[in-house]
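Observations on the three-dimensional arrangement
Given next are the chains, with one letter for each unit.
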Amino acid sequence: MEDPHLWDDPQEAQKKTKLLAAMKDDVQGYAALTGLVSDIRDLIEMADEDPDPSIVSEVQEMYGQFKADFEKIRMRTLLSGEYDSCNAIVTLHAGTGGTEAMDWCSILYRMYTRWAEAHHFQTEVLDMQEGDEAGLKSVTFQINGDSVYGLLRSEHGVHRLVRISPFNANGKRQTSFASCEVMPDIEEDLDVEIDPKDIRIDTYRSSGAGGQHINKTSSAIRITHFPTGIVVTCQNERSQLQNKDKAFQELKIKLYMLKQAQNAEKLDDIRGKVAEIAWGNQIRSYFLQPYQLIKDLRTGEEMTNAQRVLDGDIDPFINAYLKWTALGNKDETQKV
């Protein structure tokens, strides 16, 4: 096998090394799957010759494992998009609903971080704006792991919550909205020129926990790109310079994605359409009262165990979305 250290371009070497590792995992996964099939067949033959109830239960258990492993491999074959192997940068914004919407934004943030933990992915907060009374006005965070963007692009859109609001003294049912924007974290050095005249850089004091450093220094960075209206922020790094570098990296990624889009349709495929975070634009509804039901309005996938989903079990929705798009369905409701 070719030594990756012989490649001249370090970034290209890193990309090929990652690709080789993924291919090795695929081969090992396939070998394990075929081995499991062979073991199941052997047990079935044994049961035919000498019926034993314990063998039946063992076969059923192994078959359950086979289906789970097979589904994982099948999902990997659906992650073939140009940026699917990248890490993901996720931004949540509270929409219509006031304090209730800000609380909903924080619930979604918890849901995605719990999902990341379950998959052993690493999460890094880039920017967080706390709500006036509760919850979050917005939060931007990065999730690092294998094919995170390919998995989480299904979450891009407006999420609707229906519940009895804990902030309503009359105990009335209330509807609130929050948006989720998912962008790939493209690691290579992007060929994107940014004219200093086209941007404004603002510094401000970081919010949230962080000790004296956060309270006494204006280390947070906000960059506004006038031609596109893109605004990126970063406040999590230890210095203003690090926050500035991270914010510029995110801005370059977004501008690169725009540059790659040859027309509005392709742009919608990459980052979704721009729409109001309110009625009529949601991709998924979360009903907590008077009954529990979470339904994806694109794929029709449903789950009645709402708490399980809010605790991070969103894989059924991700898998249903990947299957749905693989069949040629176009996501017209993916709007942020």
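A short tour of the structure in this document, coming up.

The rules behind these values
- Residues numbered from 1 in each chain as written.
- Predicted model: local features only at pLDDT ≥ 70, side-chain atom pairs only at ≥ 80, totals over all residues.
- Heavy atoms only, no water.
- Pairing = 2+ DSSP bridges.
- Helix = DSSP H or I, 4+ residues; strand = E, 2+ residues; numbered from the N terminus.
- Axes fitted to C-alpha atoms, helices over the stretch in contact; angles between N-to-C directions.
- Buried < 20%, exposed > 50% of the residue type's maximum accessible area, 1.4 Å probe, protein only.
- Contact = heavy atoms within 4.5 Å.
- Expected span 1.5 Å × (residues − 1).
- Phe/Tyr/Trp six-rings, centres within 6.5 Å; stacked < 30°, edge-to-face > 60°.
- Core = buried A, V, L, I, M, F, W, Y, C linked by side-chain atoms within 4.5 Å.
- Parallel < 35°, antiparallel > 145°, perpendicular 65-115°, else oblique.
- Left-handed = near helix turned anticlockwise from the far one by under 90°.
- Nonpolar A, V, L, I, M, F, W, Y, C, P; charged D, E, K, R; others polar.

So, about the sheet that holds strand β6 (residues 199–204). A sheet is described by the order of its strands in space; here three strands give the open sequence β6-β7-β8, paired in antiparallel fashion. The outermost strands of the open sheet, each flanked by one partner alone, are β6 and β8 (230–234). On average, each strand axis in the sheet is inclined to that of its neighbour by 15°, with strand direction left out of account. Relative to β8, strand β7 (residues 220–225) runs antiparallel, the two being bridged by five bridges. Within β8, the position partnered with Arg222 by the bridge is Thr233.

Position of Phe121 relative to the elements: it lies in the loop between α3 (99–118) and β2 (122–130). Its relative accessible area of 15% is what places Phe121 among the buried residues. Sequence separation of Phe121 and Gly145 is 24 residues, and the distance between their C-alpha atoms is 5.1 Å. Apart from the residues lying within four places of it in its own chain, the contact partners of Phe121 are Trp115, Ala116, Ile143, Asn144, Gly145, Asp146, Val148 and Leu151.

Extensive coverage of strand β3 (residues 136–144) is indicated by the burial of seven of its nine residues. Sheet topology note: the strand β1 (residues 87–94)/β3 ladder contains six bridges and is antiparallel. Across the sheet, Ala88 pairs through a bridge with Ile143, a residue of β3. Across eight bridges, β2 lies against β3 in antiparallel orientation. Its bridge partner lying in β3, Thr123 is registered against Ile143.

All right, on to helix α9 (residues 315–326) then. The first and last C-alpha atoms of α9 sit 16 Å apart over 12 residues, in line with the 16 Å expected at 1.5 Å per residue. Looking only at α9, the buried set comprises Phe317, Ile318, Ala320, Tyr321, Leu322 and Trp324. Following α9 by one or two positions, Gly328 has its phi on the positive side, about 95°.

Following the criterion strictly, the structure yields seven aromatic pairs and no others. On the numbers, 5.1 Å between centres and 70° between planes, the contact of Tyr109 with Phe141 is edge-to-face. Note that Tyr109 is positioned in helix α3 and Phe141 in strand β3, a separation of 32 residues in sequence. Judged by its relative accessible area of 17%, Tyr109 falls in the buried class. Taken together, the ring pairs connect Tyr63, Phe66 and Phe70 into an aromatic cluster.

In this section: the nonpolar core. Leu92, Tyr112, Trp115, Leu152 and Tyr286 are the most contacted members of the largest nonpolar core, which totals 58 residues. Sort the elements by how many residues they give to this core and α3 lands first, with eight residues. Setting aside anything within four residues of it in sequence, one finds Leu152 in contact with Ala88, Val90, Tyr112, Trp115, Ile143, Val182, Ile314 and Ile318. Core analysis: the second largest hydrophobic core is formed by seven residues, Leu36, Ala47, Ile55 and Val59 among them.

On to the packing of helix α2 (residues 53–77) against α9, then. For any two helices packed against each other, one specifies the inter-axial angle together with the distance between the axes. Across the interface, α2 lies against α9 with an axial gap of 10 Å and an inter-helix angle of 50°. In terms of their interaxial angle, α2 and α9 are classed as oblique. Crossing hand, α2 versus α9: left-handed. In contact with Glu71, Arg74 and Met75 of α2, α9 contributes Asn319, Leu322 and Lys323. Broken down by class, the residue content of the contact of α2 with α9 amounts to two nonpolar, one polar and three charged.

By themselves, these are just geometric observations and shouldn't be taken as functional.
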